[in-house]
Amino acid sequence: MVMKLATWNVNSLKVRLPQVIDWLVEHQPDVLCLQEIKLINENFPINEIKAAGYESVFSGQKTYNGVAMLSKRQGSNIVTAIPGLADEQKRVIAATYGDLRVICAYVPNGENVESEKYEYKLRWLPAFTQWLKQELIDYKRLAVLGDFNIAPEDRDVYDAELWKGKVLCSGPERSAFGNMLNLGLTDSFRLFEQPEKSYTWWDYRMMAFRRNQGLRIDHILLSEELCSACMTCTIDKTMRKLDRPSDHAPVLVELACSLDI
DNA sequence: ATGTCAACGAACCGTTGA
């Protein structure tokens, strides 16, 4: 059995819903994590997604942020906040599917390293990491998917010199990312040979996508047990080529297991 | 650094955030 998990920052689910439905139908993931849905819960398109054969769990807010998970089977033990962190912003959702635990995260962007939003990001990340530590204790099969807004290494940046020390690439952010890996999580993308210059986000401006001026900031982290079952991790650039694309591409893993073990 | 995009509120634009 093959299990598929995916993540996609859709930059407005209202605008991207047709693309999301198409992607679900084509790829049939077991779980698709979405970020930046930018919807209040009352406006979540449950029925349209149900018509495509998927259940939804979501945590939205007006205008900004918001996360969701779409899945073939119903999720349980849903959590929509980081324990111990006072945070108005809807950035995480976790659910259990069979014996699989999935966390969907939209890490703060940070704006720039001088910004208060950067300070918030650097407060948010340790709280998130502490939560992951506990989740790893509670669940052997844990997958953490999302927009981390961190490019882990220079090879994840189209121009590392230009971006050196800048937000998404700064030392403190990379260190915070390393702290997650040190818990026993693995960046699934780097389990495999990958094309050079592989990215998941390209600025809308400056024809950045056409020039492949991107960063790899969307990730799928796997616990040891899932890691050993992971067969592929790929970035689906096709969605970024469509009309009215999100600025992020979906990332997808295939695991040699099923939800029903 | 920015040539774009999306949402919002209150005017068909400017602001915010990414």
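Quick notes on the rules
- Residues numbered from 1 in each chain as written.
- Chains lettered and ligands numbered in written order.
- Predicted model: local features only at pLDDT ≥ 70, side-chain atom pairs only at ≥ 80, totals over all residues.
- Heavy atoms only, no water.
- Helix = DSSP H or I, 4+ residues; strand = E, 2+ residues; numbered from the N terminus.
- Contact = heavy atoms within 4.5 Å.
- Polar contact = N/O pair within 3.5 Å; in protein donor to acceptor, adjacent residues only side chain to side chain.
- Buried < 20%, exposed > 50% of the residue type's maximum accessible area, 1.4 Å probe, protein only.
- Pairing = 2+ DSSP bridges.
- Near = heavy atom within 4 Å.
- Nonpolar A, V, L, I, M, F, W, Y, C, P; charged D, E, K, R; others polar.
- Expected span 1.5 Å × (residues − 1).

Caption draft 1: Expanded view of the environment of Tyr120. Inspection of the secondary structure puts Tyr120 in helix H3 (residues 116-138). Apart from residues no more than four positions distant in its own chain, Tyr120 is found in contact with Asp87, Gln89, Arg91 and Pro108. Among the polar contacts listed, one links the side chain of Tyr120 to the side chain of Arg91, at a separation of 3.1 Å.

Caption draft 2: Just the pairing of strand S4 (residues 67-71), in detail. Most of S4 sits out of view: five of its five residues are buried. On S4, burial covers both faces: Val67, Met69 and Ser71 on one face and Ala68 and Leu70 on the other are all buried. Where strand S2 (residues 31-35) meets S4, five bridges bridge the pair, whose relative direction is antiparallel. Following the sheet pairing, Val31 is matched in S4 by Ser71.

Caption draft 3: Looking closely at the protein's contact with DNA strand B. Taken together, 18 residues form the shell around DNA strand B, and within it Ser12, Arg16, Lys62, Thr63 and Arg205 come nearest. Atoms of DNA strand B within 4 Å of the protein belong to the sugar or the phosphate in 58% of instances, the rest to bases. Within the side chain of Arg16, an N or O atom sits 2.9 Å from a phosphate oxygen of DNA strand B. Take Arg244: an N or O atom from its side chain is 3.1 Å from a phosphate oxygen of DNA strand B. Residue contributions to the surface near DNA strand B peak at three residues, all from helix H1 (residues 13-27). Along the lines of polarity and charge, the residues of the surface near DNA strand B split into six nonpolar, four polar and eight charged.

Caption draft 4: A look at H3. The end-to-end C-alpha distance of H3 is 33 Å, a good match for the 33 Å that 23 residues give at a rise of 1.5 Å each. Along H3, the positions that sit buried rather than exposed are Tyr118, Tyr120, Lys121, Trp124, Leu125, Ala127, Phe128, Thr129, Trp131, Leu132, Glu135 and Leu136. The backbone nitrogen of Lys117 has a side-chain oxygen 2.8 Å away, supplied by the residue at the start of H3, namely Ser115.

Keep in mind these values describe shape, not function.
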